[in-house]
Amino acid sequence: MNTPIRRLSVFAMLLFGALMLQLTWIQGFQAEAIREDPLNSRQYTERLTEQRGPIVIGDENVAFSTDISEEDEPARFQREYAGGTMYTPVVGSFRSYGASGIEYTENALLDGSDDRLAVRNFRDMITGREPEGARVELTIDPAVQEAGFKGFEQLGMNGAAVAIEPDTGAILGSVSYPSYDANDVVSITDITEAGENYVALENQEDQPLLNRALRERYAPGSTFKIVTAAAAIEHLDAGPDSTQDAPDNLSFNSGPNLPNATPGGTCNGGSPDTLAHSIQISCNTSFANWAIEMGGEALSEQATAFGFNPEEGEEFNVPLNVIPSLAPVESEDSILGRAGIGQSNVESTPLQMAMVAAGVANSGEVMHPYLVDSVRDADRSVVTQTSPEVYSQATSASTASMLKDMMVLVTGPDGSGPNAAIPGVDVAGKTGTAETGGELGTHNWFIGFAPADDPEIAVAVVIEHGGGSGGSLAAPIARQMMEAVVL
Amino acid sequence: MSTTAPEAPTALPPIQRRNAELVLIGITIVITMSAMAVSGLNLNGSIPGAMWGYGLIFGALALATHVALRFIAPYADPLILPCALFLNGIGVAMIWRLDAADSGDIEHAGVGMQLIWTAVGMVMCIALLFFLKEPRVLQRYTYISALAALILIALPMVPGLGVSEFGARRWIGIAGRTLQPSEFAKIALVIFLASYLVTKRQVLSLAARQIKIGRFKVMDLPRARDFMPMVVGWVAAIGLLVITKDLGTSLLLFGTFLAMLYVATQRSSWVIIGVSVFLGAAALAFQIFWHFRQRVDIWFYAFDPEVYGRLGGSEQLVKGQIGMAYGGVFGTGMGGGQAHRIFAADSDFILASLGEDLGLTGLMAILLVIFLLVQRGMRIALASRELFVKMLASGLAFVMCFQVFVVLGGLTRIIPLTGMTTPFLAAGGSALMSSWLMIGLLLRMSDNARRPAPQAIQDEGATQVIRR
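Described in the following lines is the structure provided in the data block. (Residues numbered from 1 in each chain as written. Chains lettered and ligands numbered in written order. Predicted model: local features only at pLDDT ≥ 70, side-chain atom pairs only at ≥ 80, totals over all residues. Heavy atoms only, no water.)

**Looking at the overall build of chain B**
Part 1 of the argument: A tally of regular secondary structure across chain B gives 15 helices and 5 strands.
Part 2 of the argument: Counting all 468 residues of chain B, 56% fall into the buried class. (Helix = DSSP H or I, 4+ residues; strand = E, 2+ residues; numbered from the N terminus. Buried < 20%, exposed > 50% of the residue type's maximum accessible area, 1.4 Å probe, protein only.)

**Focus: the overall build of chain A**
Part 1 of the argument: Scanning chain A for helices and strands turns up 18 helices and 19 strands.
Part 2 of the argument: In chain A, which comprises 487 residues, the proportion classed as buried is 55%.
Part 3 of the argument: Sequence separation of at least 24 residues holds for 69% of the intrachain contacts in chain A that already meet a minimum separation of 6.
Part 4 of the argument: Summing over all exposed atoms, chain A offers an accessible surface of approximately 19,300 Å²; the carbon and sulfur share of this is 48%. (Contact = heavy atoms within 4.5 Å. Areas by Shrake-Rupley, 256 points an atom, 1.4 Å probe, with all protein chains shown as cover.)

**Focus: the environment of Glu80(A)**
Residue and element names in this part refer to chain A.
Part 1 of the argument: Looking at where Glu80 falls in the secondary structure, it is placed in strand 3 (residues 77-81).
Part 2 of the argument: Here the alpha-carbon distance between Glu80 and Pro54, two residues 26 residues apart in the chain, equals 9.6 Å.
Part 3 of the argument: Residues within four places of Glu80 in sequence aside, it is in contact with Val62, Ala63, Phe64, Thr66 and Asn183.
Part 4 of the argument: Of note is the side chain of Glu80, whose polar atom sits 3.2 Å from the side chain of Thr66. (Polar contact = N/O pair within 3.5 Å; in protein donor to acceptor, adjacent residues only side chain to side chain.)

**A few points about the interface of chain B and chain A**
Many authors give the size of an interface as the accessible area that is lost as the parts come together.
Part 1 of the argument: With 55 residues of chain B in contact, the opposing surface of chain A contributes 33 residues.
Part 2 of the argument: Both sides together, the interface formed by chain B and chain A hides about 3,900 Å², and carbon and sulfur atoms give 74% of it.
Part 3 of the argument: Counting across the interface, chain B meets chain A through 0 salt bridges.
Part 4 of the argument: If one sorts the elements of the side of chain B that touches chain A by residue count, helix 13 (residues 350-383) of chain B sits on top with 15 residues.
Part 5 of the argument: Of the residues assigned to the side of chain B that touches chain A, the class counts are 35 nonpolar, 13 polar and 7 charged. (Buried area = accessible area lost by both parts, 1.4 Å probe. Salt bridge = Lys/Arg side-chain N within 4 Å of Asp/Glu carboxyl O. Nonpolar A, V, L, I, M, F, W, Y, C, P; charged D, E, K, R; others polar.)

**Focus: helix 12 (residues 315-327) of chain B**
Residue and element names in this part refer to chain B.
Part 1 of the argument: With 13 residues, helix 12 extends 18 Å from end C-alpha to end C-alpha; this agrees with the ideal 18 Å at 1.5 Å per step.
Part 2 of the argument: Among the 13 residues of helix 12, 10 are classified as buried, and the element is accordingly described as predominantly covered.
Part 3 of the argument: Where helix 12 is concerned, the buried positions are Leu317, Val318, Gly320, Gln321, Ile322, Gly323, Met324, Ala325, Tyr326 and Gly327. (Expected span 1.5 Å × (residues − 1).)

**So, the pairing of strand 3 of chain A**
Residue and element names in this part refer to chain A.
Part 1 of the argument: The buried count for strand 3 comes to 4 of 5 residues, which makes it a mostly enclosed element.
Part 2 of the argument: Two elements, strand 2 (residues 60-67) and strand 3, share 5 bridges in a ladder whose sense is antiparallel. Its bridge partner being in strand 3, Phe64 is matched across the sheet by Glu80. (Pairing = 2+ DSSP bridges.)

**Examining the packing of helix 7 (residues 228-244) of chain B against helix 8 (residues 247-265) of chain B**
Residue and element names in this part refer to chain B.
Part 1 of the argument: Orientation of helix 7 relative to helix 8, taken along the N-to-C sense of each, is 165°, at an axis distance of 8 Å. Overall, the two elements helix 7 and helix 8 adopt an arrangement that is roughly antiparallel. Crossing handedness for the pair helix 7 and helix 8: left-handed. Facing Pro229, Met230, Gly233, Trp234, Ala237, Leu240 and Leu241 of helix 7, the residues of helix 8 in contact are Leu247, Thr249, Ser250, Leu253, Phe254, Phe257, Leu258 and Leu261.
Part 2 of the argument: The residue makeup of the contact of helix 7 with helix 8, split by class, is 12 nonpolar, 3 polar and no charged. (Axes fitted to C-alpha atoms, helices over the stretch in contact; angles between N-to-C directions. Parallel < 35°, antiparallel > 145°, perpendicular 65-115°, else oblique. Left-handed = near helix turned anticlockwise from the far one by under 90°.)

**Structural notes on the nonpolar core**
All names here are of chain B.
Part 1 of the argument: Among the nonpolar cores identified, the biggest contains 161 residues, and Trp436 and Ile439 are the most heavily contacted of them.
Part 2 of the argument: With 19 residues, the single largest contributor to this core is helix 14 (residues 387-411).
Part 3 of the argument: Look past the residues within four positions of Trp436 in its chain and what remains in contact with it is Leu81, Ala84, Leu85, Asn88, Thr118, Gly121, Met122, Cys125 and Phe424. (Core = buried A, V, L, I, M, F, W, Y, C linked by side-chain atoms within 4.5 Å.)

**So, the sheet that holds strand 17 (residues 428-434) of chain A**
Residues and elements named next belong to chain A.
Part 1 of the argument: Read across the sheet, 5 strands follow the order 8-7-19-18-17 without closing on themselves; strand pairing throughout is antiparallel. The two strands at the open ends of the sheet, each matched to only one other strand, are strand 8 (171-177) and strand 17. Each strand axis lies, on average, 5° off the axis of its neighbour in the sheet, ignoring direction.
Part 2 of the argument: In this structure, strand 7 (residues 159-164) lies alongside strand 8, joined through 6 bridges in antiparallel fashion. Across the sheet, the residue bridging to Ala160 is Ser176, located in strand 8.

**Comments concerning the packing of helix 3 (residues 80-103) of chain B against helix 15 (residues 429-450) of chain B**
Residues and elements named next belong to chain B.
Part 1 of the argument: Close contact between helix 3 and helix 15 brings their axes to 10 Å; oriented N to C, the two are set at 170°. The angle between helix 3 and helix 15 falls in the class roughly antiparallel. Contacts from Ile80, Leu81, Ala84, Leu85 and Asn88 in helix 3 reach Leu432, Trp436, Ile439, Leu442 and Leu443 in helix 15.
Part 2 of the argument: By residue class, the composition of the contact of helix 3 with helix 15 is 9 nonpolar, 1 polar and no charged.

**Details of the environment of Val459(A)**
Residue and element names in this part refer to chain A.
Part 1 of the argument: Along the polypeptide, Val459 turns up in strand 19 (residues 457-463).
Part 2 of the argument: Measuring from C-alpha to C-alpha, the distance between Val459 and Leu172 comes to 9.2 Å, with 287 residues separating the pair along the chain.
Part 3 of the argument: Excluding residues within four positions of it along the chain, Val459 makes contact with Val162, Ala163, Ala354, Ala357, Phe446, Ile447, Gly448, Ala478, Met481 and Met482.

**A short note on a nonpolar patch on the surface**
Part 1 of the argument: Residues Val10(A), Phe11(A), Met13(A) and Leu14(A) make up a contiguous nonpolar surface patch of about 370 Å² in total accessible area.
Part 2 of the argument: One can find Leu14(A) in helix 1 (residues 2-29). (Patch = residues over 30% accessible without salt bridge, like charges linked within 9 Å, V, L, I, M, F, W, Y side chains within 5 Å.)

**A short note on helix 15 of chain B**
Part 1 of the argument: In this model helix 15 of chain B runs 31 Å from its N-terminal to its C-terminal C-alpha over 22 residues, within 8% of the 32 Å that 1.5 Å per residue would give.
Part 2 of the argument: With 22 of 22 residues buried, helix 15 of chain B is to be regarded as a mostly interior element.

**Observations concerning the packing of aromatic side chains**
Residues and elements named next belong to chain A.
Part 1 of the argument: For the structure shown, the criterion picks out 20 aromatic pairs over all chains.
Part 2 of the argument: Centroid distance Phe152 to Tyr177: 6.2 Å. Interplanar angle 15°. Geometry classified as stacked. Here Tyr177 lies in strand 8 and Phe152 lies in helix 8 (residues 142-155), a separation of 25 residues in the sequence. The same class applies to Phe152 and to Tyr177, which are both buried. (Phe/Tyr/Trp six-rings, centres within 6.5 Å; stacked < 30°, edge-to-face > 60°.)

**With respect to the sheet that holds strand 3 of chain A**
Residues and elements named next belong to chain A.
Part 1 of the argument: Ordered by their spatial adjacency, 6 strands build an open sheet running 3-2-1-6-14-15, and the pairing between neighbours is mixed. Where the open sheet ends on each side, the last strands, each with one partner, are strand 3 and strand 15 (382-385). Taking the axes of each pair of neighbouring strands and ignoring which way they run, one obtains an average angle of 25° across the sheet.
Part 2 of the argument: Where strand 6 (residues 135-138) and strand 14 (residues 372-376) come together, 4 bridges link them in antiparallel fashion. If you follow Leu138 over to strand 14, its bridge partner there is Val372.

Listed below in structure tokens is the structure:
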């Protein structure tokens, strides 16, 4: 009977071996991933006793922790937010039961648990210093952010605006309107009220919790014509003077006709129109014809080069997650033609259209957009510093230069967006007014950059169901944001 | 049935080594008290007064057991008692620390009940050693043990007596306390199987025919008429599973049944047949019962927010794993973790709590001690001369091993999570008492296995007695 007993003890050993391997996997290798799982509510509730690092915009701490404990009590930190509601969509909120924005994505750095801070934590442990989370410094330019947010406040309409530094991809402004005051939802002394406030925000019809700049897609309308024009130059060897049929009303083999929307409904009196003039006055039918001529694949490919259609798992994280913008391959003329003017199945986030403008501004080179400039530990020594990264060469430098020249015409006296013009500075731009179907009004867009010959800022502004035109509603906000940098 | 096994070289040397045991017990007492001291320092910055009180009581109990052993089982294996005391002591310290952190009142944290049960368990262990001089007498009670096991398993199903909690029916309520009879059922079952299988092993190991693939033998098929014990065992396990919904106990008892059947017959075919029919039945139960589908969802998709949010979903398991993740390799230190916020942190989830406070390192140490205990049990089985004792010792050792596997395997998602106590560590009287009874049996068997055979009177005559 000894042989089976020996085998049974070997089996017992295997069982324990399996347990030990699995424990090593969970506690050794998977530990960090499990701790960072969104289901881990501890990372929010328990970190209240630790000094969380601040989030910094321009030299101001826009999110910081204050010790509110009575004397002789263990420390309890209340998270506070400065700068009002305009930073909330970016900075986010650090609540008892969850977090959003940078507070969520950079949580491990802010609370000090990130591996990159391990050496410093170890030093703190030895020297007996209170551990402190890292400072996260953002790329946001307060003047740009404020200009954009004020613009929406004055207009009183919902929408979003994004500003990018073209040669780095640094996000200078990311506005989403309406927003909310993060201080209302983070109280640790009145958790119930904070929770109720949050639920109220969740149920509010105008969705203040939605970051429209990164997490909402709109039909880009005529601003997408920049992508179509880029494809026409790259794939069809077109130039500013190349012409394309521009009837007042374009009919297809199947599907509804496409009329021109320009004042008077005509581009060039019904005659073929040049590419430059089509951009300047935003002609629909010529661009629909350009799209049909190049074919659905060329158009979709060009959009992809600017950042549309990311593959699954390759979506932008700035580090806030950006939902993918879409420009699928179309084959039906009536749909492809409309795709060429940013309608039908084309949908874009405001960030994506800002990237289009920034790509053109940066000689066709699209940079990876990013929000975190640097992370520093408590005594300001750098933990990480973001270095700009090229995302793609969307167009050749010469194509970009042609596009820029044509876009400058838009803000001229005869263009569709003179409201974006800045005295003494050349501004490149493109207006857009997107049909949304149904009863709700059009989305009104403006994308552009300034100064045109040495761009410092590229912007995209969208007014959600503004019901006006891009030139009248969106261009003024875009101008104010650009002025904050170039003037 | 005192058939002497032919493998004599496995005998253990007749050495007592009680002093080595005493030193090890001293170390376990120090470890227990240190664990409480560290907890106190972590929880409120001072060494808790409770450490002295509880430490002294625990130490006194441990030493008393040791002294009793010197008199009534001087040849007992010297490692078994220290291992059991180490686990018991860590368990006491952990339960105390969890209650202290949970109630926020470190000086009045309650671990008194656990200490009382420890004392009761030790007394039962000593009493068993005192009254049971020859384990083979248990072999007489084959069917009484079977009946006892059945009744104990069936008790929670009795209306009015059984208590159903947390999706399983494994308690009975007596005088406001709950008791878990399956803890004792497993001992009765091992006794029954040991004596039954020893008598039936010849028959059960007969092969009807062989299954071959090409020229290679895959397995022997038993005769059809010998299938009855397997059928009964399987029906009992599945019946238990379906009626009490207690997958853990069902798995533990059926696993023990298969292991002992294998030890008795040395036929892997029984194990293969048993595992297949159990898996088949479990798959069927999965189809039919919502409860099992839930278990499987929790097993596979624990970190799915939808499964997490369900009533009775994976929240507890995920929280346990998150705790273990916070423990990491070195742990947060006793009292440094947040394990007390997890449901059943001191009973079914005590290994997760230990994993958080003591880390991978501490949990490995605890596993090694349990494993040592299991292997000592197996060693006693090897060293014993009687087949019944061999079966009993290896059966008890395997029950202990498999129970830890079911608990920790569930916590680490090797197998579906089922509620079950961890021997010696978990809070609860039934579990502690049954663990100490098992230790009593192992000590008794090891004492008998190591005690030198009575010396025959050496006459000048021609007969020479050869000592085994």
